[in-house]
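Tertiary structure, described
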Amino acid sequence: MVDRAGTLVRDAFEQPTSNVETKSSNTDLVTETDKAVEELLIRGLSKEFPDHKFIGEESVSGGQKVELTDAPTWIIDPIDGTTNFVHRIPLIGICVGLAIKKQLRAGIVYNPITRELFSAQKGKGAFKNGFPIHVSKTEACSNAVVVTQIGSIRTPEMMNSFVQSFNSVIGDKQAHAHRAFGSAAINMVYVAQGSIDAYVEYGLHCWDIAAAAMILKEAGKPFNLMGRTVLCAGTPSLAKELSSALTHVEMETEGDAIQED
Ligand code: IPD
Ligand code: CA
Ligand code: CA
Ligand code: CA
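Residues numbered from 1 in each chain as written. Chains lettered and ligands numbered in written order. Predicted model: local features only at pLDDT ≥ 70, side-chain atom pairs only at ≥ 80, totals over all residues. Heavy atoms only, no water.

**Description of the nonpolar core**
Rule in force here: Throughout this description, the term nonpolar core refers to a set of buried Ala, Val, Leu, Ile, Met, Phe, Trp, Tyr and Cys residues connected via side-chain atoms within 4.5 Å. Categorising residues by exposure relies on relative accessible area from a 1.4 Å probe, with only protein chains included: less than 20% of the type maximum marks a residue as buried, more than 50% marks it as exposed, and the intermediate range marks it as partly exposed. Strands here mean DSSP runs of E at least two residues long; helices mean DSSP runs of H or I at least four residues long; both are numbered from the N terminus. Domain boundaries shown here were taken from an automatic or database domain assignment. Working rule for contacts: check all heavy atoms of both residues, and any pair within 4.5 Å makes them a contact.
If you look at the biggest cluster of nonpolar residues, it comprises 44 residues, and the most contacted ones within it are I75, V109, Y199, I215 and L225. Only β5 (93-100), β6 (103-111), β7 (116-121), β10 (145-148), α5 (184-192), α6 (206-218) and β13 (229-233) provide two or more residues apiece to this core. Among the elements that line this core, the one with the most residues is α6, at 10 residues. Three or more residues apiece are contributed to this core by two domains, here domain 1 (2-132) and domain 2 (141-245). If we ignore the near neighbours within four places in the chain, the residues touching I75 are I55, L68, C95, V96, G97, A99, C206, W207, A210 and L225. With 19 residues, the next largest nonpolar core counts A5, F13, L40 and I42 among its residues.

If you want it as structure tokens, here you go:
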């Protein structure tokens, strides 16, 4: 099914993008392809699992509260990195995560352009195209490639946090490099496969991170799916050093913290 979604995205990626709409603001885009992929995935999965629930980015209408219950729930971001998709930057992820009793059980992030399939199931490890992946062992910020990403929320507080954190991590601490790939899922699976050492972003939603969180978790890093913030790193010492260098933004959570078992 993710395969079929991939073909849809790949075909559309080759064409000049049409029907780009904005949602909450000028920095929040959606295309016909986002909607078509979400519909395809939900239709296919609900045929197979008629009792399961769905949280899909494009099915949640503006301002609506997201509710993650104990029921088996598929958390879907049809295209993570819509702005990349619109600008034909090949860094996007079709993201499908499964939570049962509010715990992640499985996740797939598929980049149909590069044909990289990241997958994980609880307790079974994380894989890229079938090969095991692991986070990096980098301990210090001064040896790290760090992603700090600004999303669609551009309030003064958000901008201030981004600039201050950038100055502190990239300037003061002289990290090896700064990157930002424009897709939360890609940023996270790149941490999972050890290509980058850490990633931080505020203001995310559960669909941005659910699938990749499962992959990252199986590569060793737990965190709160509903917390709207990602701070992940290959090692605890790098996470700690980064955390104390960042200008944090307080975010209202989307729901209860996911309990670890
Ligand atoms: C966005 C991407 C982007 C991140 C934003 C997300 P979308 O998701 O993950 O990298 O900075 O916060 O909203 O809208 O492309 O699915
Ligand atoms: Ca979006
Ligand atoms: Ca997203
Ligand atoms: Ca999306």
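**Focus on the UniProt feature "binding site: Mg(2+)" (unreviewed entry) in the chain**
For clarity, the cut-off: UniProt positions are given in the numbering used here, feature names are shortened, and annotations may be inferred rather than shown by experiment. Pairing of N or O atoms within 3.5 Å defines a polar contact, subject to two protein rules: one partner must be a possible hydrogen donor and the other a possible acceptor, and residues neighboring in sequence count only if both atoms are side-chain atoms.
On the UniProt side, "binding site: Mg(2+)" (unreviewed entry) is annotated at positions that read E57, D77, I79, D80 and D208 here. Taken together, the annotated residues stretch across 152 residues yet fold into one region, lying no more than 9.6 Å apart by C-alpha. With respect to the helices and strands, D77 occurs in strand β4 (residues 73-80). In this view, D77 contacts E57, G93, I94, C95, W207 and D208; residues no more than four positions away in its chain are not counted. With respect to the helices and strands, the residue D208 is situated in helix α6. The contact partners of D208, leaving out residues within four places of it in the chain, are D77, D80, A184 and A185. Polar side-chain contacts of D208 include one of 2.7 Å to the backbone nitrogen of H205.

**Quick notes on the domain arrangement of the chain**
In plain terms, the rule: A simple way to read buried area is as the amount of 1.4 Å-probe accessible surface that goes missing from two parts once joined, with both sides added. Here a salt bridge means any side-chain nitrogen of Lys or Arg lying within 4 Å of a carboxyl oxygen belonging to Asp or Glu. Under the grouping applied here, Gly and all other residues not named as nonpolar or charged are polar, the nonpolar ones being Ala, Val, Leu, Ile, Met, Phe, Trp, Tyr, Cys and Pro and the charged ones Asp, Glu, Lys and Arg.
Split into domains, the chain comes out as domain 1 (2-132) and domain 2 (141-245). The straight-line distance from the C-alpha centre of domain 1 to that of domain 2 is 20 Å. Contacts between the two partners involve 38 residues from domain 1 and, on the opposite side, 25 residues from domain 2. Three residues stand out in domain 1 for area buried against domain 2, namely L91, L104 and F118, and they jointly supply 24% of the buried area on that side. Inspection of the region where domain 1 meets domain 2 yields 0 salt bridges. Across the contact surface, domain 1 and domain 2 share 9 residue pairs in polar contact (both at pLDDT 80 or more). Those elements that provide at least two residues to the side of domain 1 that touches domain 2 are β4, β5, β6, β7 and β8 (126-128). Here the side of domain 1 that touches domain 2 takes 7 residues from β6, the largest share from any one element. In terms of residue class, the side of domain 1 that touches domain 2 is built from 17 nonpolar, 12 polar and 9 charged.

**Regarding the coordination of the calcium ion (ligand 3)**
Ideal values for angles at a metal depend on the geometry: 109.5 degrees with four tetrahedral donors, 90 or 180 degrees with six octahedral donors. Note the cut-off: Because no water is among the atoms considered, metal sites can look incomplete, with donors defined as N, O and S atoms within 2.8 Å of the metal, or 3.2 Å for Na, K and Ca.
Coordination sphere of the calcium ion (ligand 3), protein contribution only: D77 (OD), D80 (OD) and D208 (OD), at 2.0 to 2.2 Å. Considered as a linear motif, the donors of the calcium ion (ligand 3) on their single chain read D-x2-D-x127-D. Between the calcium ion (ligand 3) and the calcium ion (ligand 2) the interatomic distance comes to 5.1 Å. Residue D80 is found in strand β4, and its partner D208 is found in helix α6; the two are separated by 128 residues along the sequence.

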